[in-house]
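Architecture and fold: a report
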Amino acid sequence: MMTGKLLRDAILSGAHSLENQRARVDELNVFPVPDGDTGTNMSMTIGAAVAELEALPDDCTVEDAAKAAASAMLRGARGNSGVISSLLFRGFYKALQGKRTADAHDIVSALQKGVDAAYKAVMKPTEGTMLTVARVSAEEAAAANYEDVTALWQVVCDAAQKALDHTPEQLPVLKKAGVVDAGGQGLVIIFNGMLSVLRDGVMIQLSETAPKSAKLNSDAAGKGVYTDDLMTVEDIVNGYCTQFLVNKNENASSEKLRAFLESNGDSVVVIEDDDVINCHVHTQDPGKVVSHALQYGYLTNFKIENMHEQFLARQKQGEGLKKQAEAEHAGVGEFPYAAVDPERTYGFVSVAAGDGLRAVFEDLGVDAVVSGGQTMNPSTADIVAAVQSVPAQTVFVLPNNKNIIMAAEQAKKIADRTIVVLPTRTIPQGITAMLSFDGDASADENAVAMMQAADHVATGLITFAARDSDFDGKKIKKGEILALENGKLVATGTDITKTTYRLARSMCKKDTSFITVISGCDVSEEDAQRTADMVQAKCPAGIEVTHITGGQPVYYYMLSVE
């Protein structure tokens, strides 16, 4: 029989194990482009549950442990692999509701419910991925018909490893690269970390040599990081960063609680799940806030930090640490909550990285721009915070990256207003979609028209190889310049400008009218203009070439070809 403590410790062990090995999982990514790697996304997702699990008492139920993990992972999900991971653990919560302990049959049901949810969430499930590893594990666990939980979980781990070893036979790209699926490997690591507790009674601990990553918070809340160099400790009016979970009473109103927090502090974030309201506020009087919140349910996971002390400590620790903290906790200060304005029908949230691209989207009418993209997948909670800062009845979300679409879709389950996710896969698609918005059309009409326009845009990308690779018949060396057309590697080179204009020229079709060259943060204005001029000179007459300073990381240039 599995107790709540056992499940709690098993999930924590799995999270620690993956964090210790996430760099190894990242290195399995077949595509050599630097991106939001699988190991990092999965580790940050399950790591989002660590604090809430650690706060559970030893006498917690399996429902308590499963709910804490599922709720935190839903909010903290990053990238497609992170969203799938969160859905697998969501299955545990669904299967274990109302249970104090769990037997082997409950665990089989939990695995099956998680697999069903994960497959339904993916538009075109691909076998040979982590979905296969999860499905095979659930199927073999059910077929084993074991009564002993430990013996059952050994079957799960063995089946997962067998399915993982078979992934290269299912996906030729894996076989050619000589690797297994990265997401599947991450899942095997989590399962084996859980087995260490269930079989041996040993929780895997974080290694001192584990890669350092951003702090894994379970919400979108900031930590009172101050970016104004002229700010002093006296400028901090609401000096206590206060966080807690409200385990809701029946008919508890998160809107009323939010209104109270807004009137007694700032930087308010309130995220509501099925049974929990996750609260964050900067306030002068945390006691007053906590006392009022008791009206809505019992409180857990308290965290109150003195931001005056934090501010002074950061000053002492130097500018480098300050910048690191800003990067880790950026988000909530940018997106203060705004109640829905009944007179405002539509609003927009876009994901983009770079000051120039932020300005472009804002000029096109986007209300909130979430910093993210390649290497920086925002969590579901980040997207929710941005959506709930837009006082509109319906908010369109443009992920602008295929690895962010699922996290945006998950935001629909949490946000307190209607979200329409436009599955834009690139920045040029997002820009074109915004240009096609019609304020007089319905949300459904706009969704169709905006995506039809986006799908007519070809996207070219110039970046570098993050690792040596043998991809799509090409041997690629680390640092080599890569040219991608609509996500497909089409050329390599050693000169950024030459590779860029060659890509632009190859992307031109008979009906091409416009090419927009978007330069990144590692390109000087002079080099960017020279490259744009070269593209204009090398492309057929009649094509208009324009240049935008995007300031994006990772990509030296993005090309929008219409």
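Residues numbered from 1 in each chain as written. Predicted model: local features only at pLDDT ≥ 70, side-chain atom pairs only at ≥ 80, totals over all residues. Heavy atoms only, no water.

The protein is annotated in an unreviewed UniProt entry as DAK2 domain-containing protein of Candidatus Ruthenibacterium merdavium.

1. A closer look at the sheet that holds strand 7 (residues 394-398)
Selection criterion: Strands qualify as paired when DSSP identifies two bridges or more between them. The helix count covers DSSP runs of H or I at least four residues long, the strand count covers runs of E at least two residues long, and both are numbered beginning at the N terminus. Between the N-to-C directions of two axes lies an angle of 0 to 180 degrees, each axis being a line fitted to C-alpha atoms and, for a helix, fitted only over the stretch in contact.
Across the sheet, four strands lie side by side as 6-5-7-8; this open sheet has parallel pairing. The strands lining the two open edges of the sheet, one partner per strand, are strand 6 (368-371) and strand 8 (418-421). The average undirected angle you get between the axes of adjacent strands in this sheet is 25°. In the sheet, strand 5 (residues 346-352) pairs with strand 6 via four bridges, with the strands oriented parallel. From the neighbouring strand, V349 faces strand 6, where its bridge partner is A368.

2. Points about helix 2 (residues 38-47)
As a reminder of what qualifies: Summary of the burial criterion: residues with accessible area below 20% of their type's maximum are buried, those above 50% are exposed, and those between are partly exposed, where the area comes from a 1.4 Å probe applied to protein chains only. Here, two residues are considered to be in contact whenever any of their heavy atoms come within 4.5 Å of each other.
Within helix 2, ten of the ten residues are buried, which leaves the element mostly enclosed by the surrounding structure. For helix 2, the secondary structure elements touched by its buried residues are helix 1 (4-26), helix 3 (50-54), helix 4 (62-76), helix 5 (79-96), helix 7 (130-144) and helix 10 (182-200).

3. Some words on the packing of aromatic side chains
Centre-to-centre distance and the angle between the planes together describe a pair of aromatic rings. The cut-off we apply is this: Paired rings are identified among Phe, Tyr and Trp, the last through its six-membered ring, by centres lying within 6.5 Å, and are further divided according to the angle between planes into stacked (under 30 degrees), edge-to-face (over 60) and tilted (the rest). We call a charge positioned above a ring when the Lys NZ or Arg CZ atom is no farther than 6 Å from the ring centre and deviates by at most 35 degrees from the ring normal.
Counting across every chain of the model gives nine aromatic pairs. Geometrically, the ring pair formed by F92 and W153 is edge-to-face, given 6.4 Å between the ring centres and 65° between the ring planes. Of the two residues, F92 sits in helix 5 while W153 sits in helix 8 (residues 149-170), which places them 61 residues apart along the sequence. Ring plane angle 80° and centroid distance 4.8 Å describe the contact between F348 and F437, whose orientation is recorded as edge-to-face. Residue F348 is found in strand 5, and its partner F437 is found in the loop between helix 18 (427-435) and helix 19 (443-454); the two are separated by 89 residues along the sequence. Counting every residue linked through ring pairs, the aromatic cluster contains F89, F92, W153 and F191. Across from the ring centre of Y337, 3.3 Å away, lies the NZ or CZ of R258, which sits over that ring.

4. Regarding unusual backbone geometry
Phi is positive for N145, which is not a glycine, with a value near 55°. With respect to the secondary-structure elements, N145 resides in the loop between helix 7 and helix 8. The phi dihedral of V554 falls on the positive side, at around 75°, and the residue is not glycine. Mapped onto the fold, V554 is located in the loop between strand 15 (544-552) and strand 16 (557-561). Classification of V554 as buried rests on a relative accessible area of 12%.

5. Quick notes on the pairing of strand 16
With five of five residues buried, strand 16 is to be regarded as a mostly interior element. Neither face of strand 16 is exposed, since Y557, L559 and V561 on one face and M558 and S560 on the opposite face are all buried. Where strand 9 (residues 458-464) meets strand 16, five bridges bridge the pair, whose relative direction is antiparallel. By the bridge assignment, A458 is partnered in strand 16 with V561.

6. Observations concerning the pattern of salt bridges
The following threshold applies: Any carboxyl oxygen of Asp or Glu within 4 Å of a side-chain nitrogen of Lys or Arg constitutes a salt bridge here.
Here the structure, examined in full by the defined rule, presents 20 salt bridges. Ionic pairing is found between R530 and D527, a salt bridge with its closest N-O pair at 2.9 Å. Of this pair, R530 and D527 are both found in helix 21 (residues 525-538), three residues apart, which corresponds to roughly one turn of the helix. One connected set of salt bridges, linked through shared partners, spans K5, R8, D9 and D58.

7. Here's the deal with a positive patch on the surface
Threshold: In this analysis, a patch consists of residues with relative accessible area above 30% that form no salt bridge, clustered at 9 Å for like charges and at 5 Å for the nonpolar side chains Val, Leu, Ile, Met, Phe, Trp and Tyr. For the accessible areas, the method is Shrake-Rupley and the probe is 1.4 Å, while residue cover comes only from the protein chains on display. His is not counted, nor are the chain ends; Lys and Arg add positive charge and Asp and Glu add negative charge. In this description, the location of a charge corresponds to atom NZ of lysine, CZ of arginine, CG of aspartate or CD of glutamate.
Together, K498, R502, R505 and K538 make up a positively charged patch on the protein surface. The biggest single contributor to the positive patch is helix 20 (residues 496-507), with three residues. When you line up the elements, K498 lands in helix 20. On the basis of relative accessibility, which here comes to 42%, the residue K498 falls in the partly exposed class.

8. Points about the nonpolar core
Threshold: Nine residue types can take part in a nonpolar core, namely buried Ala, Val, Leu, Ile, Met, Phe, Trp, Tyr and Cys, and a core is a set of them joined through side-chain atoms within 4.5 Å.
Core analysis: the largest hydrophobic core is formed by 98 residues, its most contacted members being L7, F92, W153, M194 and V349. Examining the composition of this core, we find that ten residues originate from one element, helix 10, more than from any other. Non-local contacts of W153, meaning those with residues more than four positions away in its chain, are made with F92, I107, L111, F191, M194, L195 and L198. Of all hydrophobic cores here, the second largest spans 31 residues; its members include L398, I427, I431 and I518.

9. Things to note about the packing of helix 8 against helix 10
As a reminder of what qualifies: Working rule for angles: under 35 degrees goes down as roughly parallel, over 145 as roughly antiparallel, 65 to 115 as roughly perpendicular, anything else as oblique. Take the far helix as your reference; a near helix turned counterclockwise from it by less than a right angle gives a left-handed crossing, and one turned clockwise gives a right-handed crossing. Residues are sorted three ways: Asp, Glu, Lys and Arg are charged, Ala, Val, Leu, Ile, Met, Phe, Trp, Tyr, Cys and Pro are nonpolar, and all the rest, Gly among them, are polar.
Two elements in contact, helix 8 and helix 10, have axes separated by 9 Å at closest approach and are oriented at 160°. Relative to helix 10, the element helix 8 is oriented roughly antiparallel. In this structure, helix 8 meets helix 10 at a crossing whose hand is left-handed. From helix 8, T150, W153, Q154, V156, C157, A160, Q161 and L164 reach across to helix 10, where they touch G184, Q185, V188, F191, N192, M194, L195, L198 and R199. Counted by class, the contact of helix 8 with helix 10 contains ten nonpolar, six polar and one charged residues.

10. Brief notes about the side chain of S71
Let me state the cut-off plainly: For this analysis, a polar contact is any N or O atom pair within 3.5 Å, provided that within protein one partner can donate a hydrogen and the other can accept it, and provided that sequence-adjacent residues contribute only side-chain to side-chain pairs.
The residue S71 is located in helix 4 in this model. At 2.4 Å, the side chain of S71 and the side chain of R75 are in polar contact.

11. Here we look at the environment of A142
Structurally, the position occupied by A142 is in helix 7. Classification of A142 by relative accessible area gives partly exposed; the value is 32%. In this structure the C-alpha to C-alpha distance between A142 and V108, which are 34 residues apart in sequence, comes to 5.8 Å. Not counting residues within four places of it along the chain, the set of residues in contact with A142 comprises V108 and Q112.

12. Remarks on the side chain of H292
Positionally, H292 belongs in helix 12 (residues 286-293). Judged by its relative accessible area of 17%, H292 falls in the buried class. A polar side-chain atom of H292 sits 3.3 Å from a polar atom in the side chain of Y296. Ignoring any residue separated from it by four or fewer positions in sequence, one finds H292 in contact with L257 and F260.

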